[in-house]
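This is what each chain is made of:
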Amino acid sequence: MAVVAHQSRYHFMRSFKALTGSTPYQYLLNLRVEEASRRLRLTTDSVTTISYELGFSSVSQLYRAFQRVYVMTPMEYRNQV
């Protein structure tokens, strides 16, 4: 992203955080977690399928990121919704 913005990596990260309040990685991770929550609500896809389709390297990575945002596991979320 820094190359596309014609900035150094560090300048881009500082500028991005100043505008959005989070680093580029955190921002994208939150978008992926939001999409996971949408899919958990609207589909019957397994958590494993959702995890890999959204680019998480493992199901546990999705679980950790999801719990940070929603303070519950993806399965608990699905059962509540």
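For the structure given in this document, a descriptive report is provided here.

### Observations regarding the nonpolar core
Phase 1: Core analysis: the biggest nonpolar cluster contains 13 residues, and Leu-40, Phe-56, Leu-62 and Phe-66 have the highest contact counts within it.
Phase 2: Where this core is concerned, the elements lending two or more residues are helix 2 (24-42), helix 3 (47-53) and helix 4 (59-70).
Phase 3: Counting residues per element, this core draws most heavily on helix 2, which supplies four residues.
Phase 4: Filtering out sequence-adjacent residues up to four positions away, Leu-62 remains in contact with Ala-36, Val-47, Ser-51, Phe-56 and Pro-74.

### A short note on the pattern of salt bridges
Phase 1: All told, the structure shown has three salt bridges when counted by the stated rule.
Phase 2: For Arg-39, the salt bridge is made with Glu-35, and the minimal N-O distance between the two is 3.0 Å. Of this pair, Arg-39 and Glu-35 both sit in helix 2, separated by four residues, roughly a single helical turn.
Phase 3: For Arg-39, a relative accessible area of 19% corresponds to the buried category.
Phase 4: Judged by its relative accessible area of 22%, Glu-35 is partly exposed.
Phase 5: Glu-53 is the salt-bridge partner of Arg-39, the closest N and O atoms lying 2.8 Å from each other. Residue Arg-39 is found in helix 2, and its partner Glu-53 is found in helix 3; the two are separated by 14 residues along the sequence.
Phase 6: Look at the salt bridges and you will find they share partners, linking Glu-35, Arg-38, Arg-39 and Glu-53 into a network.

Rules of the game
Residues numbered from 1 in each chain as written. Predicted model: local features only at pLDDT ≥ 70, side-chain atom pairs only at ≥ 80, totals over all residues. Heavy atoms only, no water. Core = buried A, V, L, I, M, F, W, Y, C linked by side-chain atoms within 4.5 Å. Buried < 20%, exposed > 50% of the residue type's maximum accessible area, 1.4 Å probe, protein only. Helix = DSSP H or I, 4+ residues; strand = E, 2+ residues; numbered from the N terminus. Contact = heavy atoms within 4.5 Å. Salt bridge = Lys/Arg side-chain N within 4 Å of Asp/Glu carboxyl O.

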